[in-house]
Amino acid sequence: MSKFSSSLPESIELDGERFCVVNHEIIQPLWSDYGYLVRCFIEHPQIPSVILKSIQLPSEPAIAHPKGWNTPASHQRKLDSYQVEFNWYKNYASQQPLDWVPQCLMATKTNQRLDLILEDLKLIDCANSVEMPSQRHIKLAIEWLACFHAYWLGCAPERLWSRGTYWHLGTRQNEFEAMQQGRLKQAAPDIAERIYSCRYQTLVHGDAKLANFCFDNALSKTMAVDFQYVGQGIGVQDLVLLLTSALDFTDPQLSIEPWVDYYFEQLEAAVIIYHPTIDSSDLERCWRPLVGLAWADFQRFLLGWSPTHWKINPFTQNLVSVALDKHDL
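Residues numbered from 1 in each chain as written. Predicted model: local features only at pLDDT ≥ 70, side-chain atom pairs only at ≥ 80, totals over all residues. Heavy atoms only, no water.

### Some details on the nonpolar core
A general trend in soluble globular proteins is that nonpolar side chains are found buried together. Of all hydrophobic cores here, the largest spans 98 residues; its most connected members are W88, Y263 and W287. Leaving out residues up to four positions away in the same chain, W88 has contacts with A93, Q96, F148, W152, L160, L203, F227 and V230. Membership of the second largest hydrophobic core comes to 12 residues, among which are L8, V21, C40 and L52. (Core = buried A, V, L, I, M, F, W, Y, C linked by side-chain atoms within 4.5 Å. Buried < 20%, exposed > 50% of the residue type's maximum accessible area, 1.4 Å probe, protein only. Contact = heavy atoms within 4.5 Å.)

### Concerning the pairing of strand β6 (residues 113-119)
The side chains of a regular strand alternate, residue by residue, between the two faces of the sheet. Counted residue by residue, β6 has 6 buried out of 7 residues, so it is predominantly covered. Pairing between strand β4 (residues 49-56) and β6: 7 bridges, direction antiparallel. Along β6, the bridge assignment pairs L52 with I117. As judged from the 6 bridges shared by strand β5 (residues 104-110) and β6, these two strands associate in the antiparallel manner. (Helix = DSSP H or I, 4+ residues; strand = E, 2+ residues; numbered from the N terminus. Pairing = 2+ DSSP bridges.)

### Regarding the sheet that holds β5
Strand order in this open sheet of 6 strands is β1-β2-β3-β4-β6-β5, and the pairing throughout is antiparallel. The open sheet terminates on both sides in strands that have one partner only, identified here as β1 (11-14) and β5. Strand-to-strand twist in this sheet, taken as the mean axis angle between neighbours without regard to direction, amounts to 35 degrees. Sheet contacts for helix α1 (residues 72-92): β4, β5 and β6; angle to β6, the most-contacted strand, approximately 40 degrees. (Axes fitted to C-alpha atoms, helices over the stretch in contact; angles between N-to-C directions.)

### Points about the packing of aromatic side chains
Within this structure, the stated rule accounts for 27 aromatic pairs. With a centroid separation of 5.0 Å and 85 degrees between ring planes, the pair formed by Y166 and W167 is classed as edge-to-face. What makes Y166 buried here is its relative accessible area of 16%. Ring pairing ties together the aromatic residues W88, Y89, Y92, W100, W144, F148, Y151, W152, F213, F227 and Y274, which thus form one cluster. (Phe/Tyr/Trp six-rings, centres within 6.5 Å; stacked < 30°, edge-to-face > 60°.)

### Considerations on helix α9 (residues 314-326)
With 13 residues, α9 should cover 18 Å at 1.5 Å per step; its first-to-last C-alpha distance of 18 Å lies within 8% of that length. For α9, every residue scored as buried is listed here: F315, T316, L319, V320, A323 and L324. Packed against the buried residues of α9 are α4 (183-196) and α8 (291-305). Sitting at the head of α9, N313 places a side-chain oxygen 3.0 Å from the backbone nitrogen of F315. With its phi angle positive at about 55 degrees, D328 sits one or two positions after the end of α9. (Expected span 1.5 Å × (residues − 1). Polar contact = N/O pair within 3.5 Å; in protein donor to acceptor, adjacent residues only side chain to side chain.)

### Examining the pattern of salt bridges
The tally for this structure, following the rule as stated, stands at 16 salt bridges. Between E25 and R39 there is a salt bridge, and its shortest N-O distance comes to 2.6 Å. Within this pair, whereas E25 is found in strand β2 (residues 17-29), its partner R39 is found in strand β3 (residues 35-42), the two being separated by 14 residues in sequence. On the basis of relative accessible area, E25 is assigned to the partly exposed category, the value being 33%. With relative accessibility at 8%, the residue R39 sits in the buried group. (Salt bridge = Lys/Arg side-chain N within 4 Å of Asp/Glu carboxyl O.)

### Regarding the pairing of β4
Burial runs high along β4: 7 of the 8 residues are buried. Direction of pairing for β3 relative to β4: antiparallel, over a ladder of 7 bridges. Directly across from R39, in β4, lies its bridge partner I51. Where β3 folds back onto β4 in an antiparallel hairpin, the turn is made up of 6 residues.

### Structural notes on the state of the cysteines
Tallied over the full model, the rule gives 0 disulfides. Looking at the unpaired C147, the closest cysteine sulfur is the one in C126, lying at 14 Å. The partly exposed category is assigned to C147, whose relative accessible area is 25%. (Disulfide = S-S within 2.5 Å.)

### Here's the deal with helix α2 (residues 135-151)
Along its 17 residues, α2 runs 24 Å from first to last C-alpha, staying within 8% of the 24 Å computed at 1.5 Å per residue. Counting buried positions along α2 gives 12 out of 17 residues, so the element sits mostly inside the fold. Turning to α2, its buried residues are H137, I138, L140, A141, I142, E143, W144, L145, A146, F148, H149 and A150.

Here you go:
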């Protein structure tokens, strides 16, 4: 990651004043090398460090895609996704409760580069990621999703994805073409239409995997990061992706129903707070039957993108089959 050294900033501008950067800590390069994420330690009296997400927008892909999807379409999708994330932090993040995401302290765009200066979650004890989640981790993430979806109910996205999630069929035609013929491939357009024609639409995070949630030490709260695929959709799309990343599919007793039930319990409570005029029971009647189709929609993407992926397994294949039967697809 030393190749980023020459582009690391010597100072950071906050509220019209520049502060010297005294040290850097590279966190990671961005997906497919489209920039970097770095912690900058600055000479600020109240803010000792910030997170800089520096996004490069090259005219050609930076490096080969790890799964081989190094096409013009995939490159353009990444460029669009980073612009969406920039728009999200600049125009949307501050509209919602401030303890849901890191605050955006500055957003600047120059030529082929987007810079987001974000709150350092280490400073507020909410920077822990987890690979082997407890039930408490999963519940916190579900609570976050329920609040997010309730808050943004009915929002018409502007300068975000008109159809959110990174696996949306309309932006994954190359993967769809690579998918083997079969019942799910034939049903895929109808599945997408049923999801996005549902009368209750909200903003979805679009990449709500466990790795994109940060937890505090006391396991009392979580915040979400990485909003490249935020846009319009239905809440259970995010729920499904979270569960694909958090559940043990080798567990013979595994059932998603308790987690689905918990999501709708939390959603009802959040709707009462943020949209009390909306009938949460009717919302659930619309969204709950689509859980299986949302899972099938994601499985469709995986079968084209990486057909040997561990998230394709007997448990998920059965979920998809049941959903297709239930909806006569």
